[in-house]
There are 2 protein chains.
Amino acid sequence: MNLKQLSELLGLSQTTVSRALNGYPEVNEATRERVLQAVKETGYRPNKAAQRLATGKAGSIGLVMPTAPGHQSDVHFGEFLAGLGEEAVRHDFHFVIMPADPDDEVAALRRLAISGNVDALFVAYMRGHDPRLAMLKSLSMPYVVHGRSFGSEPDYPYLDIDNEGAFYDATRLLLQLGHTRFALMNGPMHLDFAIRRKNGVISALAERGLTLEDGCTSHALMTDEQGLLAMEHFLQLPERPTAILCSSTVLALGAIRAVNQAGLRLGEDISLIAHDDVLPLLKPESFSVPLTTTRSSLRAAGVRIAQRLIGTVKQAGPFPDQELWKTELIVRASTGPVPQA
Amino acid sequence: MNLKQLSELLGLSQTTVSRALNGYPEVNEATRERVLQAVKETGYRPNKAAQRLATGKAGSIGLVMPTAPGHQSDVHFGEFLAGLGEEAVRHDFHFVIMPADPDDEVAALRRLAISGNVDALFVAYMRGHDPRLAMLKSLSMPYVVHGRSFGSEPDYPYLDIDNEGAFYDATRLLLQLGHTRFALMNGPMHLDFAIRRKNGVISALAERGLTLEDGCTSHALMTDEQGLLAMEHFLQLPERPTAILCSSTVLALGAIRAVNQAGLRLGEDISLIAHDDVLPLLKPESFSVPLTTTRSSLRAAGVRIAQRLIGTVKQAGPFPDQELWKTELIVRASTGPVPQA
DNA sequence: AGTGGCATCCAAAGCGCTTTCAATTGTGTA
DNA sequence: TACACAATTGAAAGCGCTTTGGATGCCACT
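Everything numeric in this text was worked out from a predicted model, so none of it was measured.

Trainee: Hey, could you go over the nonpolar core for me, with residue numbers and the actual values?
Mentor: Ranked by internal contacts, the top residues of the largest apolar core, which has 108 residues, are L81(A), M231(A), L81(B) and M231(B). What M231(B) contacts, discounting residues up to four positions off in sequence, is M185(B), I244(B), A255(B), A258(B), V259(B), I270(B) and L272(B).

Trainee: Explain the interface of chain B and chain A residue by residue, including any values.
Mentor: Buried accessible area, meaning the area lost when the parts come together, often serves as the stated size of an interface. With 53 residues of chain B at the interface, the matching set in chain A holds 53 residues. Regarding the contact of chain B and chain A, the summed buried area is about 4,100 Å², with carbon and sulfur atoms giving 63% of it. At the junction of chain B and chain A, the tally comes to four salt bridges. Across the pair R111(B) and D92(A) runs a salt bridge, and its minimum N-O distance is 3.7 Å. The tally of links from chain B across to chain A stands at eight residue pairs in polar contact (both at pLDDT 80 or more). Of all elements in the fold, only helix 4 (48-55), helix 5 (75-88), strand 2 (94-100), helix 6 (105-114), helix 10 (224-235) and helix 11 (249-261) of chain B reach the threshold of two or more residues within the side of chain B that touches chain A. Of the residues forming the side of chain B that touches chain A, the biggest block, nine residues, is contributed by helix 5 of chain B. The class makeup of the residues in the side of chain B that touches chain A is 26 nonpolar, 13 polar and 14 charged. Bridging between strand 2 (residues 94-100) of chain A and strand 2 of chain B involves three bridges; their strand directions are antiparallel. The partner of I97(A) across the bridge, within strand 2 of chain B, is F95(B).

Trainee: How would you summarise the protein's contact with DNA strand D if you had to cite specific residues and measurements?
Mentor: The environment of DNA strand D is formed by 28 residues, the closest being T15(A), R19(A), L3(B), S18(B) and Y24(B). The protein-proximal atoms of DNA strand D, defined as those within 4 Å of the protein, are 58% sugar or phosphate. S13(A) is positioned with one of its backbone polar atoms (N or O) 2.7 Å from a phosphate oxygen of DNA strand D. Of all the secondary-structure elements, those providing two or more residues to the surface near DNA strand D are helix 2 (14-21) and helix 4 (48-55) of chain A together with helix 2 (14-21) and helix 4 of chain B. Here the surface near DNA strand D is built from residues that sort into 10 nonpolar, 14 polar and four charged.

Trainee: Describe the environment of L174(A), naming the residues involved and giving the relevant values.
Mentor: Residues and elements named next belong to chain A. With respect to the helices and strands, L174 occurs in helix 8 (residues 163-176). Along the primary structure L174 and A243 are separated by 69 residues, whereas in three dimensions their C-alpha atoms are 6.8 Å apart. With residues up to four places along the chain from it excluded, the contact list for L174 reads H179, F182, A243, I244, L245, S271, I273 and T335.

Trainee: An account of the sheet that holds strand 9 (residues 271-276) of chain A is requested, with residue identities and associated values reported.
Mentor: Residue and element names in this part refer to chain A. Spatial strand order, 7-6-8-9-10-12: six strands in an open sheet with mixed pairing. Each of the sheet's edge strands pairs with one partner strand only, and the pair in question is strand 7 (217-219) and strand 12 (328-330). When strand polarity is set aside, the average angle formed by the axes of neighbouring strands in this sheet is 15 degrees. Note that strand 6 (residues 182-186) and strand 8 (residues 243-246) share four bridges and pair parallel. Among the inter-strand pairings, A183 is bridged to a residue of strand 8, identified as I244. Relative to strand 6, helix 10 (residues 224-235) is tilted by about 160 degrees, and along the sheet it contacts strand 6, strand 7, strand 8 and strand 9. Against the sheet, helix 11 (residues 249-261) makes contact with strand 6, strand 8 and strand 9, and its axis sits at roughly 150 degrees relative to strand 9, the strand it touches most.

Trainee: With reference to specific residues and values, describe the protein's contact with DNA strand C.
Mentor: Neighbouring DNA strand C are 28 residues; L3(A), S18(A), Y24(A), T15(B) and R19(B) lie closest to it. In this structure, N47(A) approaches DNA strand C through a main-chain N or O atom, which is 3.0 Å from a phosphate oxygen. When contributions to the surface near DNA strand C are tallied by element, the ones reaching two or more residues are helix 2 and helix 4 of chain A together with helix 2 and helix 4 of chain B.

Trainee: Before we move on, could you go through the sheet that holds strand 4 (residues 143-146) of chain A and cite the residues and values that matter?
Mentor: Read across the open sheet, the 12 strands follow the order 11(A)-5(A)-4(A)-3(A)-1(A)-2(A)-2(B)-1(B)-3(B)-4(B)-5(B)-11(B); overall the sheet is mixed. The open sheet terminates on both sides in strands that have one partner only, identified here as strand 11 (322-325) of chain A together with strand 11 (322-325) of chain B. Taken over all neighbouring pairs, the strand axes of this sheet differ in orientation by 20 degrees on average, direction set aside. Pairing between strand 4 of chain A and strand 5 (residues 158-161) of chain A: two bridges, direction parallel. The residue bridging V145(A) from the neighbouring strand is Y158(A), located in strand 5 of chain A. Against the sheet, helix 5 (residues 75-88) of chain A contacts strand 1 (60-66), strand 2, strand 3 (120-123) and strand 4 of chain A together with strand 1 (60-66) and strand 2 of chain B, and its axis sits at roughly 175 degrees relative to strand 1 of chain A.

Scoring rules and cut-offs
Residues numbered from 1 in each chain as written. Chains lettered and ligands numbered in written order. Predicted model: local features only at pLDDT ≥ 70, side-chain atom pairs only at ≥ 80, totals over all residues. Heavy atoms only, no water. Core = buried A, V, L, I, M, F, W, Y, C linked by side-chain atoms within 4.5 Å. Buried < 20%, exposed > 50% of the residue type's maximum accessible area, 1.4 Å probe, protein only. Contact = heavy atoms within 4.5 Å. Buried area = accessible area lost by both parts, 1.4 Å probe. Salt bridge = Lys/Arg side-chain N within 4 Å of Asp/Glu carboxyl O. Polar contact = N/O pair within 3.5 Å; in protein donor to acceptor, adjacent residues only side chain to side chain. Helix = DSSP H or I, 4+ residues; strand = E, 2+ residues; numbered from the N terminus. Nonpolar A, V, L, I, M, F, W, Y, C, P; charged D, E, K, R; others polar. Pairing = 2+ DSSP bridges. Near = heavy atom within 4 Å. Axes fitted to C-alpha atoms, helices over the stretch in contact; angles between N-to-C directions.

Structure, rendered in structure tokens:
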């Protein structure tokens, strides 16, 4: 059932039927009723591809999903998607997801944009000096970046959390508890948030004349295995750190396993603060020793970005171009005073 | 840059250029080279919406993502998606994801199908007597169901794991260890896998003349909180069960917390077997007491379903219509002989 | 010389929708 | 009565691509 058939069935022109369906004012109310009724009876649905072709809009937002054989799926991605979805469903928007090798993200993003399948783009996993920014700017398609790109002019639309502030505050808390030997368990080095978090730690330490040793920084994928490995490494350093900052509760999960295996007590021998994206599976309060965290909901960020993206497409603007969300520092039991030597 | 412009630039007809690009044999090799060269220089990409409109194919598979405010995102969904993506990226396929309220899945699926945006459908979260099957059959669009629908004629293409067999085997193992008081911590009652797993448990118990008490069965969303609640409930039953079957490592996560909180020892006071979807965050061997599990990789299932779906669209068939994967029973430390009373 | 076959190429007709421009009718006004 | 004007409706031109059904040369072959 297509427009033509429907209009013939009604004895109307395609024009009028189309207008009736799309809420144009110049069609008689009685006629519109008749059309709506027929739609209900026949189950007619406009062909989106044709609509897209004719209007240039399709009610969809595009995103790239990094994937590869062996590439571990990322809980953060799923959680974020849930946020986007929560908002999208309210506006009858859908997603077009382009799976891509992590090394091929720029090209994948371009393909997605040019494909004509999407109205707006969502971009994540931002890196320092991210090459995608230049491409996005040349594209004349709305987009919002989740995160920022360290080293690039901040003249693009983004939503980010204050990563530097979060880790600055966390470090200060640990300093106040008397800790002097710090370690940072971070995400991959090229990622923007990792850079900023590290800076936060460094500048808080610097205020006390302390530095972050190279051996006390790990950069790795945010999986629990990597957390375990990193912590095992930290624990066998001659000057074992007593204060650990951790870029994700996922990493913390592994890290804590290492602490337990070493027979140490979290919150006493070792203090740990992790960043909490509010993942459903990893509630900080559910850890055997509840975790002190810097918190910011990834899902909420997804909702917000979807709002901005969809709003822009629908021209329901204007939206703030750049948002920086503060994180909350929530103190639980995994932090305590530095142990007496 | 579109086909018309490109062809004018080359002094060729759109027809020839189109053929050159799509590998038709009747175009001169020299011409094809010239076209390919021009494409490279201009960065021309065909408009997918137009291609879709003209051919009816778009290189995409559609799926519905259940979502709602407060609807907890599902790790299983993300992991499965990773599997689909791993295969899709090899064929330059993408996904169209339609977020939908869990109560609205049938309608969402229909919208997705009729939209003309997808070539094939993937359907999950199957229920007993699932109403989507009838709709899918009427659709003349390829689809594969992940799971099955208990109570419906099994005449649709699916990939499922042997849920009943898995839980039958798991129950048998516990029976051999001498357990007689069982509890089942299951997924939502209306879901197909939950029905079959329960049946597996019941039939293994029946062979020994045992039954599964109503109070010893919980049906709930597969979150760790629910696991905790269910286990707390089991533990305060007058005839406390000693053997727990658990539909997911996610549930097990909470369940074990409850066991610990009660001061009981897993694998001694309480034996537990969980179904392991091979989620990256929840490795059974990483639990403080490594978990005995029935295992089947969700991600591998995603890869396989993508293969079938894409293969069918590309007419690279034929594919088996129905696949039933066996699970592995892997014995670790969470199961032990029944404790002496 | 006449014919058929092959290799290339093109014009034009859709695919299903939106939207511009125009036509038709009925109504109020001069 | 004649005319401007609002209210409705349609015909047809795209959107950018694929594909059918010819064209056009050019060659070998009878």
